[in-house]
Amino acid sequence: MREQMTRGQQGQLAAELAELEGPRRAEIVEAIATAREHGDLSENFEYHAAKNEQGLLERRIAILRERLDHATVVEDGDGGIVSIGSQVVVEDETGGRIDVELSGLGGGDAVSASSPLGAALLGKRVGDRADVQAPRGVWTATIVEIHH
(Lines give C-alpha, C1' and ligand atoms only; values in the text may rest on other atoms or scores of the structure.)
Protein backbone atom coordinates (compact mmCIF):
# COMPACT_ATOMS: atom_id res chain seq x y z
CA MET A 1 0.00 0.00 0.00
CA ARG A 2 1.25 3.46 -0.88
CA GLU A 3 1.75 5.83 2.02
CA GLN A 4 -0.67 8.76 2.03
CA MET A 5 0.41 12.25 3.02
CA THR A 6 -0.68 15.84 2.52
CA ARG A 7 1.29 18.35 0.44
CA GLY A 8 2.54 19.91 3.68
CA GLN A 9 3.77 16.56 4.98
CA GLN A 10 5.44 15.86 1.64
CA GLY A 11 7.14 19.26 1.91
CA GLN A 12 8.42 18.43 5.40
CA LEU A 13 10.01 15.21 4.18
CA ALA A 14 11.49 16.94 1.13
CA ALA A 15 13.00 19.69 3.33
CA GLU A 16 14.53 17.10 5.67
CA LEU A 17 15.95 15.22 2.68
CA ALA A 18 17.48 18.41 1.25
CA GLU A 19 19.10 19.20 4.63
CA LEU A 20 20.54 15.69 4.94
CA GLU A 21 21.79 15.49 1.36
CA GLY A 22 23.31 18.97 1.47
CA PRO A 23 24.76 20.52 4.62
CA ARG A 24 24.56 17.44 6.85
CA ARG A 25 26.29 15.15 4.33
CA ALA A 26 29.02 17.79 3.79
CA GLU A 27 29.63 18.00 7.58
CA ILE A 28 30.13 14.23 7.82
CA VAL A 29 32.44 14.11 4.79
CA GLU A 30 34.55 16.83 6.42
CA ALA A 31 34.57 14.99 9.76
CA ILE A 32 35.81 11.83 8.02
CA ALA A 33 38.55 13.77 6.21
CA THR A 34 39.66 15.43 9.45
CA ALA A 35 39.71 12.10 11.29
CA ARG A 36 41.82 10.53 8.51
CA GLU A 37 44.46 13.18 9.09
CA HIS A 38 44.96 11.81 12.63
CA GLY A 39 46.80 8.77 11.32
CA ASP A 40 46.23 5.04 11.87
CA LEU A 41 42.59 4.35 10.95
CA SER A 42 42.43 1.01 12.77
CA GLU A 43 42.60 2.72 16.18
CA ASN A 44 41.05 6.06 15.22
CA PHE A 45 37.82 6.45 17.21
CA GLU A 46 36.83 9.72 15.49
CA TYR A 47 37.12 8.08 12.08
CA HIS A 48 34.99 5.08 13.03
CA ALA A 49 32.39 7.29 14.72
CA ALA A 50 32.17 9.54 11.64
CA LYS A 51 31.88 6.52 9.31
CA ASN A 52 29.12 5.09 11.50
CA GLU A 53 27.30 8.42 11.44
CA GLN A 54 27.68 8.49 7.66
CA GLY A 55 26.07 5.06 7.41
CA LEU A 56 23.12 6.19 9.55
CA LEU A 57 22.74 9.35 7.47
CA GLU A 58 22.77 7.45 4.18
CA ARG A 59 20.16 5.00 5.53
CA ARG A 60 17.88 7.91 6.56
CA ILE A 61 18.32 9.48 3.12
CA ALA A 62 17.35 6.19 1.45
CA ILE A 63 14.26 5.89 3.66
CA LEU A 64 13.15 9.45 2.90
CA ARG A 65 13.67 8.97 -0.85
CA GLU A 66 11.67 5.74 -0.75
CA ARG A 67 8.81 7.37 1.16
CA LEU A 68 8.69 10.37 -1.18
CA ASP A 69 8.94 8.24 -4.34
CA HIS A 70 6.08 5.98 -3.25
CA ALA A 71 3.79 8.48 -1.54
CA THR A 72 0.31 9.33 -2.63
CA VAL A 73 -0.46 12.99 -1.99
CA VAL A 74 -3.97 13.50 -0.70
CA GLU A 75 -5.76 16.81 -0.70
CA ASP A 76 -7.20 18.14 2.50
CA GLY A 77 -10.46 16.34 2.87
CA ASP A 78 -13.90 17.55 3.73
CA GLY A 79 -13.56 19.52 6.97
CA GLY A 80 -16.25 17.35 8.53
CA ILE A 81 -14.60 13.97 8.00
CA VAL A 82 -11.38 12.67 9.58
CA SER A 83 -8.74 12.05 6.91
CA ILE A 84 -4.96 12.20 6.51
CA GLY A 85 -3.85 15.65 7.68
CA SER A 86 -6.79 16.17 10.05
CA GLN A 87 -6.22 17.65 13.49
CA VAL A 88 -8.65 15.78 15.74
CA VAL A 89 -9.69 16.28 19.35
CA VAL A 90 -11.09 13.11 20.90
CA GLU A 91 -12.50 12.45 24.33
CA ASP A 92 -12.22 9.14 26.16
CA GLU A 93 -14.77 7.57 28.51
CA THR A 94 -13.40 9.47 31.52
CA GLY A 95 -13.66 12.87 29.82
CA GLY A 96 -9.92 13.10 29.08
CA ARG A 97 -9.13 14.84 25.82
CA ILE A 98 -6.42 14.02 23.32
CA ASP A 99 -5.42 16.31 20.44
CA VAL A 100 -3.78 14.42 17.56
CA GLU A 101 -2.89 14.86 13.92
CA LEU A 102 -3.59 11.99 11.55
CA SER A 103 -0.35 11.77 9.61
CA GLY A 104 1.79 9.53 7.48
CA LEU A 105 4.87 11.09 9.06
CA GLY A 106 4.33 10.36 12.74
CA GLY A 107 6.22 12.14 15.48
CA GLY A 108 5.05 14.71 18.01
CA ASP A 109 1.29 14.57 18.52
CA ALA A 110 0.75 12.75 15.23
CA VAL A 111 -0.70 9.28 14.84
CA SER A 112 -0.42 7.04 11.83
CA ALA A 113 -3.52 6.06 9.88
CA SER A 114 -2.53 2.43 10.48
CA SER A 115 -2.24 2.85 14.28
CA PRO A 116 -5.16 1.66 16.42
CA LEU A 117 -6.35 5.24 17.08
CA GLY A 118 -5.77 6.44 13.51
CA ALA A 119 -7.57 3.47 11.96
CA ALA A 120 -10.52 3.94 14.30
CA LEU A 121 -10.83 7.66 13.52
CA LEU A 122 -10.55 7.59 9.71
CA GLY A 123 -13.82 8.52 8.02
CA LYS A 124 -15.57 9.57 11.23
CA ARG A 125 -17.37 12.89 11.91
CA VAL A 126 -17.76 15.14 14.95
CA GLY A 127 -19.91 13.36 17.52
CA ASP A 128 -19.11 9.89 16.18
CA ARG A 129 -17.72 7.28 18.54
CA ALA A 130 -14.89 4.99 17.58
CA ASP A 131 -13.81 1.81 19.35
CA VAL A 132 -10.02 1.87 19.56
CA GLN A 133 -8.40 -1.59 19.62
CA ALA A 134 -5.36 -0.61 21.72
CA PRO A 135 -2.77 -3.06 23.10
CA ARG A 136 -4.11 -2.52 26.64
CA GLY A 137 -7.68 -3.14 25.59
CA VAL A 138 -10.55 -1.50 23.78
CA TRP A 139 -11.55 2.06 24.63
CA THR A 140 -14.08 4.41 23.08
CA ALA A 141 -13.07 7.73 21.57
CA THR A 142 -15.70 10.38 20.88
CA ILE A 143 -14.72 12.89 18.21
CA VAL A 144 -15.10 16.42 19.59
CA GLU A 145 -13.41 18.56 16.89
CA ILE A 146 -11.91 18.15 13.44
CA HIS A 147 -9.67 20.73 11.75
CA HIS A 148 -7.77 20.58 8.44
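Residues numbered from 1 in each chain as written. Predicted model: local features only at pLDDT ≥ 70, side-chain atom pairs only at ≥ 80, totals over all residues. Heavy atoms only, no water.

Counted under the stated rule, the structure contains six salt bridges. For arginine 60, the salt bridge is made with glutamate 16, and the minimal N-O distance between the two is 2.9 Å. Of this pair, arginine 60 sits in helix H2 (residues 45–69) while glutamate 16 sits in helix H1 (residues 7–36), and the two are 44 residues apart along the sequence. What makes arginine 60 partly exposed here is its relative accessible area of 30%. Taking the shortest distance from any N to any O, the salt bridge between arginine 24 and glutamate 27 comes out at 2.6 Å. (Salt bridge = Lys/Arg side-chain N within 4 Å of Asp/Glu carboxyl O. Helix = DSSP H or I, 4+ residues; strand = E, 2+ residues; numbered from the N terminus. Buried < 20%, exposed > 50% of the residue type's maximum accessible area, 1.4 Å probe, protein only.)

It is worth spelling out the pairing of strand E4 (residues 97–102) at this point. Of the strand pairs in this sheet, strand E3 (residues 87–91) and E4 are connected by five bridges, and their pairing is antiparallel. Counted as the bridge partner of valine 88 is valine 100 from E4. In this antiparallel pair of consecutive strands, E3 and E4, the connection spans five residues, and glycine 95 shows a positive phi of 90 degrees. As defined by bridge partners, E4 adjoins strand E5 (residues 110–111) across two bridges and the pair is classed as parallel. The partner of glutamate 101 across the bridge, within E5, is alanine 110. (Pairing = 2+ DSSP bridges.)

In this section: the packing of H1 against H2. Their axes nearest at 9 Å, the elements H1 and H2 cross at an angle of 160 degrees. In terms of orientation, H1 and H2 fall into the roughly antiparallel class. Two packed elements cross with a definite hand, and for H1 against H2 that hand is left-handed. Residue composition of the contact of H1 with H2, by class: 14 nonpolar, two polar and twelve charged. (Axes fitted to C-alpha atoms, helices over the stretch in contact; angles between N-to-C directions. Parallel < 35°, antiparallel > 145°, perpendicular 65-115°, else oblique. Left-handed = near helix turned anticlockwise from the far one by under 90°. Nonpolar A, V, L, I, M, F, W, Y, C, P; charged D, E, K, R; others polar.)

This part takes up the sheet that holds E4. The five strands lie next to each other as E5-E4-E3-E7-E6, forming an open sheet whose pairing is mixed. Both edges of this open sheet fall to E5 and strand E6 (129–134), since each of them pairs with a single strand only.

A few words now on the confidence of the model for the protein chain. Here the protein chain shows a mean pLDDT of 88. Residues at 70 or above account for 96%. The spread of mean pLDDT over the elements of the protein chain runs between strand E1 (residues 3–5), the lowest at 81, and H2, the highest at 94. (pLDDT = per-residue confidence, 0-100.)

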